Amino acid sequence: ENHFPCVSATTGRLWVVYETVDANASASVVLQYSDDDGATWSNPTNIAKDVFTAFISDVTTGAADGDDVWVEYEVRSGPGLAGSIQVVHSTNAGQTFESAVNALDVGTSSLTWHAALVLEAGGHLDIEYYGGTSDGSTNAGVYFVHSTDQGATWGKATLVHAPIALI
């Protein structure tokens, strides 16, 4: 398990998102929060449970502001790189989540690795990721996508740096 914390910009609530894999290799993305600087934690909320088998990414990130919380996780169809960057959003402090949206610009990259979600000061969202068309590609790049509507839709990927190798 890797735990990735984020803090609400307005309430100070500490959120942590992480992945678990049970004895049957069934993977889940889990969210918890603390209102007392980590002394105690809420019960875990399963965001994506049993929807894929041991092929979630090694990096799952979140962002929060007030009762809004977003979680990003990659989904793989097998070993190697991920084929999607899923983003879910809750407007009620993680009690319920909207349907997942794929933020990967598949017109630019069919595979991704190490995506990271960031909430901008103005309320917009960005995801940075390594993207390319094949595992082992030496013509891959670092990209970011931007959302102005709380993660409901994502724009075309912007190239930050290339080339890089996806190995």
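Please read all numbers here as calculations on a predicted model, not as lab measurements. Residue numbers here run from 1 along each chain, matching the order of that chain's written sequence. At least 70 in pLDDT is required for a residue's local features to be given in this predicted model, at least 80 for side-chain atom pairs to be given and counted, and no such filter applies to totals for whole chains, interfaces and linings, which use all residues. As a rule here, side-chain values cover all heavy atoms of the structure and leave hydrogens and water aside.

## Brief notes about the sheet that holds strand β7 (residues 84–90)
- Any two strands between which DSSP finds at least two bridges are classified as paired. Under the DSSP-based scheme used, a helix requires at least four consecutive residues in state H or I and a strand at least two consecutive residues in state E, with every element numbered from the N terminus. Within the open sheet, the four strands sit side by side as β5-β6-β7-β8. Their pairing is antiparallel. Single-partner strands in this sheet number two, and they are β5 (61–65) and β8 (101–102).
- Bridge count for β7 against β8 is two bridges, and the pairing is antiparallel. Within β8, the position partnered with Gln86 by the bridge is Asn102.

## Points about the pattern of salt bridges
- By salt bridge we mean one thing: a side-chain nitrogen of Lys or Arg within 4 Å of a carboxyl oxygen of Asp or Glu. Enumeration over the complete set of coordinates arrives at two salt bridges.
- Note that Asp35 is salt-bridged to Arg13, the shortest N-O span being 2.7 Å. Of this pair, Asp35 sits in the loop between β3 (27–34) and β4 (45–49) while Arg13 sits in the loop between β1 (3–7) and β2 (14–21), placing them 22 residues apart in sequence.
- Exposed residues in this analysis have more than 50% of their type's maximum accessible area, buried residues have under 20%, and partly exposed residues fall in between, with area computed by a 1.4 Å probe over protein chains only. A relative accessible area of 55% places Asp35 in the exposed class.
- For Lys156, the salt bridge goes to Asp105, with nearest N and O atoms at 4.0 Å. Placement of the pair is Lys156 in the loop between β11 (140–147) and β12 (158–164) and Asp105 in the loop between β8 and β9 (111–119), with a sequence separation of 51 residues.
- For Asp105, a relative accessible area of 12% puts it in the buried group.

## Examining the sheet that holds β12
- If you walk across this open sheet you meet the four strands as β9-β10-β11-β12, and the pairing is antiparallel. Two strands lie at the open edges of the sheet, namely β9 and β12, each paired on one side alone. Here the strands of the sheet are splayed against their neighbours by 15° on average, with no regard to which way each runs.
- Two elements, strand β10 (residues 125–132) and β11, share seven bridges in a ladder whose sense is antiparallel. Residue pairing across strands places Tyr129 opposite Tyr143, the latter belonging to β11. Note on definitions: angles span 0 to 180 degrees between N-to-C directions of axes, and those axes are lines fitted to C-alpha atoms, for helices only across the stretch in contact.

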